Amino acid sequence: MSTNQQTLLVTGASGHLGSIAIDWLLANYEGPIIATTRDPEKLSALSALSARGVIVRKADFDQPETLSEAFAGAQRLLLISTDAIAVPGQRLKQQTDALSAAVQAGVKHIVYTSIPNSEPGSACLIAPDHYATEELIKNSGLSYTILRNNLYSENLIPTLQQAVASGILGTATGEGATAYVTRHDCAWSAAAALASTTTDNQIVDVTGPEAISGSELAQIASEISGKSIQFVPLETAKLVEIFESIGLPSGLAQAYASFDTASARGEYAQTSATVQQLTGKSPTTLKQFLTDNKSAFTGAE
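None of these values were measured; they are calculated from a predicted model.

S.K.: Before we go on, may I ask you to explain the overall build of the protein in this structure?
M.R.: Looking only at helices and strands, one finds 14 helices and 11 strands in the protein. Taken against the 2.2 N^0.38 rule, which gives 19 Å for 301 residues, the C-alpha radius of gyration of the protein at 19 Å falls within 12% of a compact globule. Referenced to the eigenvectors of the C-alpha coordinate spread, the extents of the protein come out at roughly 55 × 40 × 35 Å. Burial status across the protein gives 49% buried among its 301 residues. Look at the contacts in the protein between residues 6 or more apart in sequence, and 76% of them connect residues 24 or more apart. Summed over its atoms, the accessible surface of the protein is roughly 13,300 Å², and 50% of this surface lies on carbon and sulfur atoms. Each charge class in the protein was averaged separately, 18 positive and 29 negative side chains, and the resulting centres sit 4 Å apart.

Here it is in structure tokens:
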């Protein structure tokens, strides 16, 4: 158990990543913990954390005037990137305001969840938000840990549901490979980085142990499901059409499809030892994750 008594703060604590990070901290950290959420309705859902000693506060990134008070008393802050990508510029404004509030509140170290290869030139359409936030963090005067999380294994479940049903895995990843990582491994890594005593500035990739291509993914899914699944490469424009046909607005359809384009260009193929280094455990392989979650995409136990 850690003996460091700095006050740690997790934003977006009622979300998928944040809630897992809080659980890790409660099991591994002895100092004060603050959990914030933008949704007042979710504050009650976090009330059980209060009984476990967690300080629960509202922090709405669209109300920047409230954030300094929400962040007050924290020395180290985990800024989980927001999901506001439907409106161009909204996420960057939210994160800019949150960073400014963190500085004003006296935070000393910030941990931020980014994506691999966020630099200009990325094929991913949401990369610029992350890169701009990274640059603001670098120039904030705070020490920082920037965690460039690879694509989540969990996000493959809807795609594989369709693949099992149709026998076809259609993606625009081409021959590119992706080092898929589980949300749990990312959350635990973020929590461990937050609980660390380090004040070194770091930018690290958070990945699974191996990069998997589309054809390899189809093979793994076939083996686990018992169904024959063929990988069919698509053009990005076709993938956008498919996303739009199921009701996604054009901007979101293009943003989601751009992850495949970036994968095709090798932007997500790099693996790292970050999960092992931060948490002391090996990252979960994609095959193991899909085996453990077989029923989620096959409908069979």
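S.K.: Please clarify how the pattern of salt bridges should be interpreted in this entry.
M.R.: When charged atoms on two side chains of opposite charge get close, those side chains can pair. The final tally for this structure, using the stated rule, is 10 salt bridges. With a closest N to O distance of 3.5 Å, Arg38 and Asp83 form a salt bridge. In this pair, Arg38 is assigned in the loop between β2 (33-37) and α2 (40-45) and Asp83 in the loop between β4 (76-79) and α5 (90-105), connecting sequence segments 45 residues apart. Among the salt bridges present, the one from Lys93 reaches Asp97, with a minimum N-O distance of 2.8 Å. Within this pair, Lys93 and its partner Asp97 are both found in helix α5, separated by four residues, close to a single helical turn. Because the salt bridges share partners, they merge into one network encompassing Glu119, Glu134 and Arg148.

S.K.: Would you mind going over the packing of helix α1 (residues 16-28) against helix α8 (residues 183-195) with me for this structure?
M.R.: Each pair of packed helices can be described by the angle between their axes along with the distance between the axes. Taken N-terminus to C-terminus, the directions of α1 and α8 make an angle of 55°; their axes are 8 Å apart at the nearest point. On the basis of their axis angle, the class for α1 and α8 is oblique. Seen along the crossing, α1 lies across α8 with a hand that is right-handed. Along its contact with α1, which presents His16, Leu17, Ile20, Ala21, Trp24 and Leu25, the element α8 presents Arg183, His184, Cys186, Ala187, Trp188, Ala191, Ala192, Leu194 and Ala195. Each residue belonging to the contact of α1 with α8 can be placed in one class, and the counts come to 12 nonpolar, two polar and one charged.

S.K.: What should I look at first to understand unusual backbone geometry in this one?
M.R.: Trans is the common state for peptide bonds, and a negative phi is the common state for residues other than glycine. Located in the positive-phi region is Asn117, a residue other than glycine, with phi close to 50°. In this structure Asn117 comes out as partly exposed when scored by relative accessible area, which is 35%.

S.K.: Explain the state of the cysteines to me, please; I cannot follow it from the model alone.
M.R.: Disulfide: a covalent bond formed between the sulfur atoms of two cysteine residues. Throughout the structure, instances matching the rule amount to zero disulfides. Looking at Cys124, it has no disulfide partner, and the nearest cysteine sulfur is the one in Cys186, 15 Å off. On the basis of relative accessible area, Cys124 is assigned to the buried category, the value being 1%. Taking relative accessible area as the criterion, Cys186 reaches 1% and is therefore assigned buried.

S.K.: I keep staring at the sheet that holds strand β6 (residues 143-149) and nothing clicks. Help me out?
M.R.: The strands making up a sheet are joined through hydrogen bonds of the backbone, oriented either antiparallel or parallel. One open sheet holds the seven strands; their spatial order is β3-β2-β1-β4-β5-β6-β9, and the pairing between them is parallel. At either margin of the open sheet sits one strand with a lone partner, and together these are β3 (55-58) and β9 (202-206). The sheet shows a mean angle of 20° between the axes of neighbouring strands, taken without regard to direction.

S.K.: Sorry, what's going on with the pairing of strand β7 (residues 168-171) here?
M.R.: Along β7, the buried face is formed by Leu169 and Thr171; none of Ile168 and Gly170, which line the opposite face, is buried. Taken together, the four bridges between β7 and strand β11 (residues 230-233) define a ladder with parallel strand orientation. Along β11, the bridge assignment pairs Gly170 with Val232.

S.K.: I keep staring at the packing of aromatic side chains and nothing clicks. Help me out?
M.R.: The geometry of two aromatic rings is summed up by the distance between their centres and the angle between their planes. In this structure the tally under the stated criterion is one aromatic pair. Arranged with centres 6.5 Å apart and planes meeting at 85°, the rings of Phe61 and Phe71 form a pair that is edge-to-face. With Phe61 in the loop between β3 and α4 (67-71) and Phe71 in helix α4, this pair connects stretches of sequence that are 10 residues apart.

S.K.: What is the right way to look at the environment of Asp39 in this model?
M.R.: Relative to the elements of secondary structure, Asp39 occurs in the loop between β2 and α2. By relative accessible area, which is 25% here, Asp39 ends up partly exposed. Considering only alpha carbons, one finds Asp39 and Ala123, 84 residues apart in sequence, at a separation of 32 Å.

What counts, and where the lines are drawn
Residues numbered from 1 in each chain as written. Predicted model: local features only at pLDDT ≥ 70, side-chain atom pairs only at ≥ 80, totals over all residues. Heavy atoms only, no water. Helix = DSSP H or I, 4+ residues; strand = E, 2+ residues; numbered from the N terminus. Rg over C-alpha atoms; globule rule 2.2 N^0.38 Å. Buried < 20%, exposed > 50% of the residue type's maximum accessible area, 1.4 Å probe, protein only. Contact = heavy atoms within 4.5 Å. Areas by Shrake-Rupley, 256 points an atom, 1.4 Å probe, with all protein chains shown as cover. Lys, Arg positive; Asp, Glu negative; His and termini not counted. Charge placed at Lys NZ, Arg CZ, Asp CG, Glu CD. Salt bridge = Lys/Arg side-chain N within 4 Å of Asp/Glu carboxyl O. Axes fitted to C-alpha atoms, helices over the stretch in contact; angles between N-to-C directions. Parallel < 35°, antiparallel > 145°, perpendicular 65-115°, else oblique. Left-handed = near helix turned anticlockwise from the far one by under 90°. Nonpolar A, V, L, I, M, F, W, Y, C, P; charged D, E, K, R; others polar. Disulfide = S-S within 2.5 Å. Pairing = 2+ DSSP bridges. Phe/Tyr/Trp six-rings, centres within 6.5 Å; stacked < 30°, edge-to-face > 60°.

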